[in-house]
Amino acid sequence: MNYVFTKHALEQMELRKIPKSIVEKILANPGQIKNEERKKVYQSIVEKGNYLIRIFVNHKKNPKVIVTVYKTSKISKYYECKI
């Protein structure tokens, strides 16, 4: 797939120590894709099941735009499958 990163997304990835390679891996093979507020959220559980990485993507643009990326330990709040 073809994506571009916003400046904000790249800054947040650096701040949160999320490598671009992990983001690209999740985009290619997400654990789950959810629709939220006009964006799709690609997400996967990482780091031995301790964190969920969420990638917010604007699919209405071409190429698709990665708006922001973050990781959370509140997996059950966002992930809808059994862990």
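Just so it is clear, the structure is predicted and the values come from calculations on it, not from any experiment. (Residues numbered from 1 in each chain as written. Predicted model: local features only at pLDDT ≥ 70, side-chain atom pairs only at ≥ 80, totals over all residues. Heavy atoms only, no water.)

Concerning the side chain of Thr72
Then, in step 1: With respect to the secondary-structure elements, Thr72 resides in strand 5 (residues 64–72).
Then, in step 2: Polar side-chain contacts of Thr72 include one of 3.0 Å to the backbone nitrogen of Lys74. (Helix = DSSP H or I, 4+ residues; strand = E, 2+ residues; numbered from the N terminus. Polar contact = N/O pair within 3.5 Å; in protein donor to acceptor, adjacent residues only side chain to side chain.)

Observations regarding helix 1 (residues 7–15)
Then, in step 1: When we look at burial in helix 1, the residues that qualify are Ala9, Gln12 and Met13. End-on view of helix 1: buried residues confined to an arc of 100°, all on one side of the axis. In helix 1, the exposed residues that point more than 90 degrees away from the buried face are Lys7, Glu14 and Leu15.
Then, in step 2: Contact partners of the buried residues in helix 1: strand 1 (3–5), helix 2 (20–28) and strand 5.
Then, in step 3: Following helix 1 by one or two positions, Lys17 adopts a phi angle in the positive range, close to 55°. (Buried < 20%, exposed > 50% of the residue type's maximum accessible area, 1.4 Å probe, protein only. Arc of directions from axis to C-beta. Contact = heavy atoms within 4.5 Å.)

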